[in-house]
Amino acid sequence: MSALQSSGNFASTANGVYCAYCGSTPAASVDIRGHRGFIFFMQFLKSPGPFCRDCGLATYRRMTVESMWIGWWGFLSAVINPVTMLINIPARSRITELPPPIPGGPRIPMEPGKPLYERIEFLLPIALIIVGPFILVALASLN
Ligand SMILES: [Zn+2]
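Residues numbered from 1 in each chain as written. Predicted model: local features only at pLDDT ≥ 70, side-chain atom pairs only at ≥ 80, totals over all residues. Heavy atoms only, no water.

**Brief notes about the coordination of the zinc ion**
No. 1: Around the zinc ion, the protein contributes the donor atoms Cys19 (SG), Cys22 (SG), Cys52 (SG) and Cys55 (SG), which lie 2.2 to 2.3 Å from the metal centre.
No. 2: Counting residues between consecutive donors of the zinc ion along the chain gives the motif C-x2-C-x29-C-x2-C. The burial state of Cys52 is the same as that of Cys55; both residues are buried. (Donors = N, O, S within 2.8 Å, 3.2 Å for Na, K, Ca; no water. Buried < 20%, exposed > 50% of the residue type's maximum accessible area, 1.4 Å probe, protein only.)

**Focus: the environment of Cys22**
No. 1: Within the secondary structure, Cys22 sits in the loop between helix 1 (3–6) and strand 1 (27–28).
No. 2: A relative accessible area of 1% means that Cys22 is categorised as buried.
No. 3: Along the backbone, Cys22 and Cys55 are 33 residues apart, and their C-alpha atoms lie at a distance of 7.6 Å.
No. 4: If sequence neighbours within four positions are ignored, Cys22 has contacts with Cys52, Cys55, Gly105, Pro106, Arg107, Ile108 and Pro109. (Helix = DSSP H or I, 4+ residues; strand = E, 2+ residues; numbered from the N terminus. Contact = heavy atoms within 4.5 Å.)

**Overview of the nonpolar core**
No. 1: Within the largest apolar cluster, 19 residues are counted, with the highest numbers of intra-cluster contacts made by Cys19, Ile32, Phe51, Cys55 and Ile95.
No. 2: Mapped onto this core, the elements with two or more residues apiece are strand 4 (51–52), helix 2 (53–70) and helix 3 (77–96).
No. 3: If you tally residues by element for this core, the top one is helix 2, at six residues.
No. 4: In this structure, Cys19 is in contact with Ser24, Ala27, Pro50, Phe51, Cys52 and Cys55, ignoring residues within four places of it in sequence. (Core = buried A, V, L, I, M, F, W, Y, C linked by side-chain atoms within 4.5 Å.)

**Some thoughts on the packing of aromatic side chains**
Centre-to-centre distance and the angle between the planes together describe a pair of aromatic rings.
No. 1: For the structure shown, the criterion picks out three aromatic pairs.
No. 2: Relative to Phe51, the ring of Tyr21 lies with its centre 5.0 Å away and its plane at 10°, an arrangement referred to as stacked. In this pair, Tyr21 sits in the loop between helix 1 and strand 1 while Phe51 sits in strand 4, placing the two residues 30 residues apart along the sequence.
No. 3: With relative accessibility at 30%, the residue Tyr21 sits in the partly exposed group.
No. 4: Classification of Phe51 as buried rests on a relative accessible area of 0%.
No. 5: On the numbers, 6.4 Å between centres and 70° between planes, the contact of Phe40 with Phe75 is edge-to-face. (Phe/Tyr/Trp six-rings, centres within 6.5 Å; stacked < 30°, edge-to-face > 60°.)

**Here we look at the pairing of strand 3 (residues 42–47)**
No. 1: By the bridge criterion, six bridges tie strand 2 (residues 32–37) to strand 3 in an arrangement that is antiparallel. When the sheet's bridge partners are listed, Arg36 is paired in strand 3 with Gln43.
No. 2: The turn joining strand 2 and strand 3, which pair antiparallel and follow one another in sequence, is formed by four residues. (Pairing = 2+ DSSP bridges.)

**Considering the packing of helix 2 against helix 4 (residues 120–141)**
No. 1: Interhelical geometry of helix 2 versus helix 4 gives an angle of 30° and a closest axis separation of 9 Å. Relative to helix 4, the element helix 2 lies roughly parallel. Here the hand of the crossing between helix 2 and helix 4 comes out left-handed. Each of Thr64, Val65, Met68 and Trp69 in helix 2 lies in contact with helix 4, whose residues at this interface are Glu121, Phe122, Leu124, Pro125 and Ile126.
No. 2: For the contact of helix 2 with helix 4, the per-class residue count stands at seven nonpolar, one polar and one charged. (Axes fitted to C-alpha atoms, helices over the stretch in contact; angles between N-to-C directions. Parallel < 35°, antiparallel > 145°, perpendicular 65-115°, else oblique. Left-handed = near helix turned anticlockwise from the far one by under 90°. Nonpolar A, V, L, I, M, F, W, Y, C, P; charged D, E, K, R; others polar.)

Limitation: the analysis is restricted to geometry and does not speak to function.
Following this line, the structure appears as structure tokens:
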């Protein structure tokens, strides 16, 4: 048994894929998508991988929060935005299955930050989407 195997912790092993952002390994070759909808045009955003676990999670969370705010405002975006978020789920699970990036990469991996469900900037748009129609109905019934 080598010294590495006997060390007892969950040592990450290089998988031959390197993060496009910090250069760390292991990484997964996935892309993370976002969506911006405006009245007359849309933007399909893509952050190409590979991502290490930390850069991937940071990018996934950043793009999902952004899509939550500015992904809804086009005619087709109400459909496309949730589809974009669904497409991200397999990419996200491949990233979270990765062990932590091996220290000593060329650059420091991004800080993943808090999970989405602990972020007010993610929860607030969800609350508005759920509560918003009731407020509109209530306002309309005031006439
Ligand atoms: Zn990275």
